Amino acid sequence: MQVRVQIVSILVGVILLGTIFQLIRKNRLQEKYALLWILSAVIVLVLSVWRDFLALFASWVGIFYAPSALFLVALFCGMVIALHFSVVVSDLTKQNKTLVQEIALLKEELQRTRGASRKRRPPARKRRP
Amino acid sequence: MKKKPLAVLAVVPAFNESEAIGGVVSELRAVSPPVDVVVVDDGSSDGTARLAETAGARVLRLPINLGIGGAVQTGFRYAARNGYDAVIQVDGDGQHVPSEIPALLEAMSGTGADVVIGSRFLAARGYTTSPARRIGTRVFSLFNSLALGRRITDNTSGFRAYNARAVRFLSENYPQDYPEPESVVLLGRNGFSIREVPVRMREREHGRSSISAFGSVYYMVKVLLAIFVDLFKARIVRQEG
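This section reports on the structure supplied with the text. Keep in mind that this is a model prediction, so the values were computed, not measured. (Residues numbered from 1 in each chain as written. Chains lettered and ligands numbered in written order. Predicted model: local features only at pLDDT ≥ 70, side-chain atom pairs only at ≥ 80, totals over all residues. Heavy atoms only, no water.)

Description of the overall build of chain A
- Of regular secondary structure, chain A possesses four helices and zero strands.
- Listing each helix as α and each strand as β along chain A from the N terminus yields α-α-α-α.
- What you see for chain A is a C-alpha radius of gyration of 27 Å, clearly larger than the 14 Å of a compact globule of 129 residues, by over 25%.
- Over its C-alpha atoms, taken along the principal directions, chain A stretches across nearly 85 × 35 × 15 Å. (Helix = DSSP H or I, 4+ residues; strand = E, 2+ residues; numbered from the N terminus. Rg over C-alpha atoms; globule rule 2.2 N^0.38 Å.)

Below, the structure written as structure tokens:
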């Protein structure tokens, strides 16, 4: 039974790591955002391969069924990644807001200066064929 | 010696206010001494921007809806860049009475305050709200008074005057979603002096409040959380003087 859990978790870790590398290779994932994913995949892999350490860790934190400790660690990794994304999204929202405001200010300025120059010299532009 | 007249900008945030905006702008243009009027169109789909322009306002068109906080802040940025001495914030729905603007400006120059809030509750002047709203304003008044150590009666009022120093500060730091109560705490804690003057306000004639019945609980929780978090933030500007 234990062995089957181990095989499954190793498979999951390997597939995750492979997917991450593939995404980086195809420029779909920036290294900056891949770091936490790689770290998580490596932790899951190490804990699945090195069973004695997993058992030791489980007994430290008081979990009787060692694979449960693996799930707990994976869950924790997921939470850290989700939190990291919330921070990133907050930053993006802020930057987005500034850009939108800047566009509105520039549009108004453009409209104003265009209006002024049109008044100064009426046939400003000739149509080209 | 005669004092140079202040360059005052009225900032009017508007989201789908086509029924009211024209009247608001022409009323603002009739204020004496005159103020410049800029309408911040927060991505309206009903021609608010065009109507404001026809009525004689300058218009800042946000390509994406940012919410009231982001819209007002755009006006602050505009004022800071174009060297205005003061900003009057006026809602686009016609609730605020532009003829009260000189009273706000006089209170600002008379007391030397950085911020003057037009308060509906400082004196009984015929403004009534629903019981739920009243509880809400009480709660904000209580929290903000605790946070600042002094009483502010109308924290949700969007009818305010800011001097150039406050405008510069707010153009960089303004809360996003429901900014009024939070900005009071933000300004107070960063050393800006705040005064209130009693003003009349009209019942809303067109459209609905930006805050629905369902949204009001979220509104309260979100704003109180933001205020609570603000208390733990470092001061952004050092007190001058």
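A few points about the interface of chain A and chain B
- Facing 12 residues of chain A, the contacting portion of chain B comprises 18 residues.
- On the chain A side of the contact with chain B, A:Lys97, A:Gln101 and A:Leu105 bury the most area, a combined 39% of that side's loss.
- The tally of links between chain A and chain B comes to one salt bridge.
- Between A:Glu102 and B:Arg81 there is a salt bridge, with the nearest N and O atoms lying 2.8 Å from each other.
- In this structure, the connection of chain A to chain B is made through seven residue pairs in polar contact (both at pLDDT 80 or more).
- Considering only residue class, the side of chain A that touches chain B consists of four nonpolar, three polar and five charged. (Contact = heavy atoms within 4.5 Å. Buried area = accessible area lost by both parts, 1.4 Å probe. Salt bridge = Lys/Arg side-chain N within 4 Å of Asp/Glu carboxyl O. Polar contact = N/O pair within 3.5 Å; in protein donor to acceptor, adjacent residues only side chain to side chain. Nonpolar A, V, L, I, M, F, W, Y, C, P; charged D, E, K, R; others polar.)

Concerning helix α5 (residues 131-148) of chain B
All names here are of chain B.
- In a regular helix each residue adds 1.5 Å, so 18 residues correspond to 26 Å; α5 covers 26 Å between its end C-alpha atoms and thus fits that length.
- Buried within α5 are the following residues: Gly136, Thr137, Phe140, Ser141, Asn144, Ser145 and Ala147. Buried residues in α5, looked at end-on, bunch into an arc of 160 degrees, giving them a common side. In this structure, α5 carries Pro131, Ala132, Ile135, Arg138, Leu142 and Leu146 as exposed residues pointing more than 90 degrees from its buried face. (Expected span 1.5 Å × (residues − 1). Buried < 20%, exposed > 50% of the residue type's maximum accessible area, 1.4 Å probe, protein only. Arc of directions from axis to C-beta.)

Overview of the layout of surface pockets
- Approximately 790 Å³ is the volume found for the second largest pocket.
- Lining of the second largest pocket is provided by 23 residues; of these, A:Lys94, B:Tyr174, B:Pro175, B:Gln176 and B:Lys233 occupy positions nearest its centre.
- Residue assignment for the lining of the second largest pocket shows that the elements contributing at least two residues are α4 (66-120) of chain A together with α3 (68-81), α7 (179-189) and α8 (213-230) of chain B.
- Of the residues forming the lining of the second largest pocket, the biggest block, six residues, is contributed by α4(A).
- Split by residue class, the lining of the second largest pocket holds seven nonpolar, six polar and 10 charged. (1 Å grid on protein atoms, 1.4 Å probe; cavity = no way out; pocket = protein on both sides within 12 Å on 5 of 7 lines; lining within 4 Å. Points joined across faces, edges and corners; volume = space filled by probe spheres on them.)

A few points about the pairing of strand β1 (residues 8-14) of chain B
Residue and element names in this part refer to chain B.
- In terms of burial, β1 is a largely internal element, seven of the seven residues being buried.
- The alternating pattern of β1 places Val8, Ala10, Val12 and Ala14 on one face and Leu9, Val11 and Pro13 on the opposite face, and all of these are buried.
- As defined by bridge partners, β1 adjoins strand β4 (residues 86-89) across four bridges and the pair is classed as parallel. Paired with Leu9 across the bridge in β4 is Val87.
- Pairing analysis gives six bridges linking β1 to strand β2 (residues 36-41), with the strands arranged parallel. Note that in β2 the partner of Leu9 across the bridge is Asp36.
- Taken together, β1, helix α1 (residues 18-29) and β2 form a β-α-β motif whose crossover is right-handed. (Pairing = 2+ DSSP bridges. Right-handed = clockwise from strand over helix to strand, strands pointing away.)

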